[in-house]
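Here are the chains, one letter per residue:
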Amino acid sequence: MAANAFSRSAFLNTSKPPGRANILLIEDDPIIAEDLHNLLTYEGYRVVSRYKNLFATPRHFAEQIDQIVTGESISLVLTDINLGPAFDGIDIARHARRKWGIPVIYISGYAQTGTVLRARKTRPVAYLLKPFHAADLMAKIKTALAIDLNRAKRQKKFGDDD
C-alpha cells in the first residue's frame, strides 16, 4: 500500500456490505488508485476506476460521467480533487450530485480553505485528507451508502426529495 495514501494498520473487515454497490473511483495517482481498488474490492464492492487521462477534455467529462453512471449503476463517487488544471474532482462531483444525486466522498492531500469551501458546496458525504486510515474510509463509505439507501426509500415511499 502506498504510504502516502492511507494506512492499512487500522484496516477492519468486520462486515461485508449488503449487495455489491458500485463505486466510481477517480484517482490520478496509479499506485493510490490500485491500492484503493484492492481495498474496496476486498471489502466486497465493485469498483469502476477511471484515471484523469480517460476524461479527455473538460467539455467531455460530463458526457463520460453520464455514460459510466448509467452503464454501471454507480452508488458512490470516490474522487481525488487535484486531477489537473482544466477540471478537478470537485467538477466531477458537482455533476454527479446535480444530475444523478450520487453521494460523493473526496480524498485529497489538499486542505486549503478555498478548496475545502468549493468542495463543501457540492454537499459531499466526507472529505478525507491523505494520508488516511482504511478503516476511516470504509466507515465513511458504509455511512454514505446507508444514508443514500434511506433517502431512496423515503423518496419511493413519500415522494420526499432531500
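Above: the structure in question.
Residues numbered from 1 in each chain as written. Predicted model: local features only at pLDDT ≥ 70, side-chain atom pairs only at ≥ 80, totals over all residues. Heavy atoms only, no water.

Student: Could you give an account of helix α3 (residues 89-100), naming the residues involved and the relevant values?
Tutor: Given a rise of 1.5 Å per residue, 12 residues ought to cover 16 Å, and the 16 Å separating the end C-alpha atoms of α3 matches this to within 8%. Turning to α3, its buried residues are Gly 89, Ile 90, Asp 91, Ile 92, Ala 93, His 95 and Ala 96. Backbone nitrogen of Ile 90 and a side-chain oxygen of the N-cap are separated by 3.0 Å at the start of α3; the cap is Asp 88. Directly beyond the C-terminal end of α3, a positive phi value near 70° is found at Gly 101. (Helix = DSSP H or I, 4+ residues; strand = E, 2+ residues; numbered from the N terminus. Expected span 1.5 Å × (residues − 1). Buried < 20%, exposed > 50% of the residue type's maximum accessible area, 1.4 Å probe, protein only. Polar contact = N/O pair within 3.5 Å; in protein donor to acceptor, adjacent residues only side chain to side chain.)

Student: So what's going on with helix α1 (residues 30-42)? Residues and values would help.
Tutor: The end-to-end C-alpha distance of α1 is 18 Å, a good match for the 18 Å that 13 residues give at a rise of 1.5 Å each. Of all the residues in α1, the buried ones are Ile 32, Ala 33, Asp 35, Leu 36, Leu 39 and Leu 40. Considered in projection along α1, the buried side chains sweep an arc of 165° and stay on one side of the axis. Residues of α1 that are exposed and point more than 90 degrees away from the buried face comprise Pro 30 and Ile 31. The N-terminus of α1 is capped by Asp 29, whose side-chain oxygen sits 2.9 Å from the backbone nitrogen of Ile 31. Backbone geometry just downstream of α1 places Gly 44 in the positive-phi region, at approximately 100°. (Arc of directions from axis to C-beta.)

Student: Can you lay out the environment of Tyr 127 for me, pointing to particular residues and giving the numbers?
Tutor: With respect to the helices and strands, the residue Tyr 127 is situated in strand β6 (residues 126-129). For Tyr 127, a relative accessible area of 23% puts it in the partly exposed group. Sequence-wise, Tyr 127 and Ile 81 are 46 residues apart; in three dimensions their C-alpha atoms are separated by 9.9 Å. Excluding anything up to four places from it in sequence, Tyr 127 contacts Ile 81, Tyr 106, Ser 108, Tyr 110, Ala 111, Thr 115, Val 116 and Ala 119. At 2.5 Å, the side chain of Tyr 127 forms a polar contact with the backbone oxygen of Tyr 110. (Contact = heavy atoms within 4.5 Å.)

Student: Describe the environment of Ile 90, naming the residues involved and giving the relevant values.
Tutor: Structurally, the position occupied by Ile 90 is in helix α3. Sequence spacing of Ile 90 and Val 104 is 14 residues, and the spatial spacing of their C-alpha atoms is 9.5 Å. Setting aside its immediate chain neighbours within four residues, Ile 90 contacts Ile 81, Tyr 106, Thr 115, Arg 118, Ala 119 and Thr 122.

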